[in-house]
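Structural characterization, general
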Amino acid sequence: MNKVYAHLKTVTRHRHEVIKNCIRAGIPVQGLLHDLSKYSPAEFLVSCKNFQGTRSPNEAERELKGYSTAWMHHKGRNRHHFEYWTDYNPKTRKVEGVKMPLNYVVEMFCDRVAASKIYMGDSYTDRAPLDYFLRGKATRMIHPKTSALLEHMLTMLAENGEDYTFAYLRHIVTRNR
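Sequence order as written defines residue numbering, which begins from 1 separately in each chain. Given that this is a predicted model, residues contribute local features only at a pLDDT of at least 70 and side-chain atom pairs are listed and counted only at 80 or more, while totals for whole chains, interfaces and linings are drawn from all residues. Side-chain calculation: all heavy atoms of the structure are included, whereas hydrogens and water are not.

Quick word on the packing of helix α1 (residues 2–25) against helix α6 (residues 102–120)
For any two helices packed against each other, one specifies the crossing angle of their axes together with the interaxial distance. Orientation is described by lines fitted to C-alpha atoms, with helices fitted over the stretch in contact, and by angles between N-to-C directions that extend from 0 to 180 degrees. By the criteria applied, helices consist of DSSP H or I runs no shorter than four residues and strands consist of E runs no shorter than two, each listed in order from the N terminus. With their axes 8 Å apart at the nearest point, α1 and α6 run at an angle of 135° to one another. Looking at the two axes, α1 sits oblique to α6. Like other packed secondary-structure pairs, α1 and α6 cross with a definite hand, here right-handed. Across the interface between the two elements, Thr10, Arg13, His14, Glu17, Val18, Asn21, Cys22 and Ala25 from α1 touch Val106, Glu107, Cys110, Asp111, Val113, Ala114, Ala115, Lys117 and Ile118 from α6. Nonpolar residues are Ala, Val, Leu, Ile, Met, Phe, Trp, Tyr, Cys and Pro. Charged residues are Asp, Glu, Lys and Arg, and all others, Gly as well, are polar. Tallied by class, residues from the contact of α1 with α6 come to nine nonpolar, three polar and five charged. These descriptions rest on fixed angle ranges, namely under 35 degrees for roughly parallel, over 145 for roughly antiparallel, 65 to 115 for roughly perpendicular, and the rest for oblique. Left-handed describes a crossing in which the near helix is turned anticlockwise from the far one by less than a right angle; the clockwise case is right-handed. Contacts were defined at the residue level, with two residues in contact if any of their heavy atoms lie within 4.5 Å.

Below you can see the structure in the form of structure tokens.
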């Protein structure tokens, strides 16, 4: 029961942080709807079983099974994950990243910042989400324009801080409505 409570607390803290970020970025409704699938039995029960508190329970499930059922459920229902935006390209005959709509890239940014804060705690800096992104950049199946836009946002956060970056996000979201 301790893992259940700990996971529930972590997921809820994360959601609240994302909601706060999405409001600051000008996409409040997306913030309110963010990651609701994490409370579904397909994700919640598996994640409770694999909860560790210092990283995603999906990593532990992958180590046990070679894949994560919770993650496959999650990425297929949440458009702020670049993994949702892949499709078969009839020209290349390969599965490739599809360019994400701006509002979902902004939500992905809000999610990454929140996750870094929750998992890193007091060691979080505004550079941490960018460093995490850069570590996995070479192996990520993401549309090049989506990747460049997210990296731009994360670099802006690292160099200029939250107030500047969220003001910029509000501006581009409003301009693109």
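Some points on the environment of Leu130
Residue placement: Leu130 occurs in helix α7 (residues 128–136). With 102 residues separating them in the primary sequence, Leu130 and Pro28 have C-alpha atoms 23 Å apart. Residues contacting Leu130, with those up to four places away along its chain left out, are Glu151, Leu154, Thr155 and Ala158.

Points about the pattern of salt bridges
Salt bridges are defined by distance alone: a side-chain nitrogen of Lys or Arg within 4 Å of a carboxyl oxygen of Asp or Glu. Per the stated rule, a full pass over the model turns up 11 salt bridges. For Glu17, the salt bridge is made with Lys20, and the minimal N-O distance between the two is 3.2 Å. Taken together, the residues span about one helical turn, with Glu17 and Lys20 both in helix α1 at a distance of three residues. With relative accessibility at 14%, the residue Glu17 sits in the buried group. Taking the shortest distance from any N to any O, the salt bridge between Lys117 and Glu162 comes out at 2.5 Å. Here Glu162 lies in helix α8 (residues 144–175) and Lys117 lies in helix α6, a separation of 45 residues in the sequence. Here Lys117 matches Glu162 in class, with each residue buried. Connected through salt bridges with shared partners, the residues Glu17, Lys20, Arg24, Lys117, Glu162 and Asp163 form a single ionic network. Each residue is placed in one exposure class: buried if its accessible area under a 1.4 Å probe, protein chains only, is under 20% of its type's maximum, exposed if it is over 50%, and partly exposed if it falls in between.

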